[in-house]
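Observations on the model geometry
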Amino acid sequence: MSASPSNGGGQLRPLIPEEKIRARIAEIGAQIRRDFGDRTVTCVCVLKGSFIFAADLIRAIGGDVRCEFLGVSSYQGGTQSTGVVKITKDLSSPIEGQDVIIVEDIIDTGLTLHYLLEMLSVRHPKSLSVCTLLDKPANREVEMEADYVGFSIPDEFVVGYGLDLAELYRNLPYVAVYTP
Ligand code: 5GP
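In this report, we go over the structure that sits alongside the text. Worth saying up front: this structure is predicted, and the values here are computed from it rather than measured. (Residues numbered from 1 in each chain as written. Predicted model: local features only at pLDDT ≥ 70, side-chain atom pairs only at ≥ 80, totals over all residues. Heavy atoms only, no water.)

**Some thoughts on the sheet that holds strand 2 (residues 41–47)**
Sheet strands line up and pair through hydrogen bonds in the backbone, either parallel or antiparallel. Ordered in space as 4-3-2-5-6-7, the six strands form an open sheet in which the pairing is mixed. Of all the strands in the sheet, just strand 4 (86–89) and strand 7 (148–152) have a single pairing partner and so form its edges. With strand direction ignored, the average angle separating the axes of adjacent strands in the sheet is 30°. Where strand 2 lies against strand 3 (residues 65–73), seven bridges are found, and the strand directions are parallel. By the bridge assignment for strand 3, cysteine 45 is matched with phenylalanine 69. (Pairing = 2+ DSSP bridges. Helix = DSSP H or I, 4+ residues; strand = E, 2+ residues; numbered from the N terminus. Axes fitted to C-alpha atoms, helices over the stretch in contact; angles between N-to-C directions.)

What follows is the structure, encoded as structure tokens:
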């Protein structure tokens, strides 16, 4: 039995090592806490890709943090954004009057985030911001900028640290570029 994931015929090239991710999340968490003072922050973890990032981020924010989960499917198993966002699980409680941060794994075309911002803003949060681990600005189809960005990366398909290819590689502790 092997502890490494099989590469499914493709190549994995490490892009962001575990220690760099950890250090950057500590910075972002501290920045968020500074920005929100002693207010309660509601982190909306966008499933499935951001669950590992969100787990580390909420601990780095410290203080009072609520955690909500939103299930979203935008790829239907492939490596291209379809632009069609399907909600597979809605929030479990209202966010009205709350300081909400959408926690994303990656912003690529921006279509998913555009949809989520519209969907959540009509629920009247007190504030609505976006924190993404990764940003691929080269591939935007709609103008979209996150308030907090872990790493800006080139336009390549990445996996690991929660990001998948057909549900695999989420358990890699680092981010890697996948080439078929
Ligand atoms: P967008 O709608 O911005 O094009 O894409 C957002 C979603 O597509 C992300 O939340 C993520 O699930 C998926 N995605 C975009 N780029 C990548 C990538 O390089 N690797 C993986 N695994 N997913 C990606």
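**Describing the side chain of serine 50**
Position of serine 50 relative to the elements: it lies in the loop between strand 2 and helix 2 (51–61). Within the structure, the side chain of serine 50 is placed 2.9 Å from the backbone oxygen of valine 103, a separation counted as a polar contact. With residues near it in sequence (within four places) discarded, serine 50 still touches Cys45, Val103, Glu104 and Asp105. (Polar contact = N/O pair within 3.5 Å; in protein donor to acceptor, adjacent residues only side chain to side chain. Contact = heavy atoms within 4.5 Å.)

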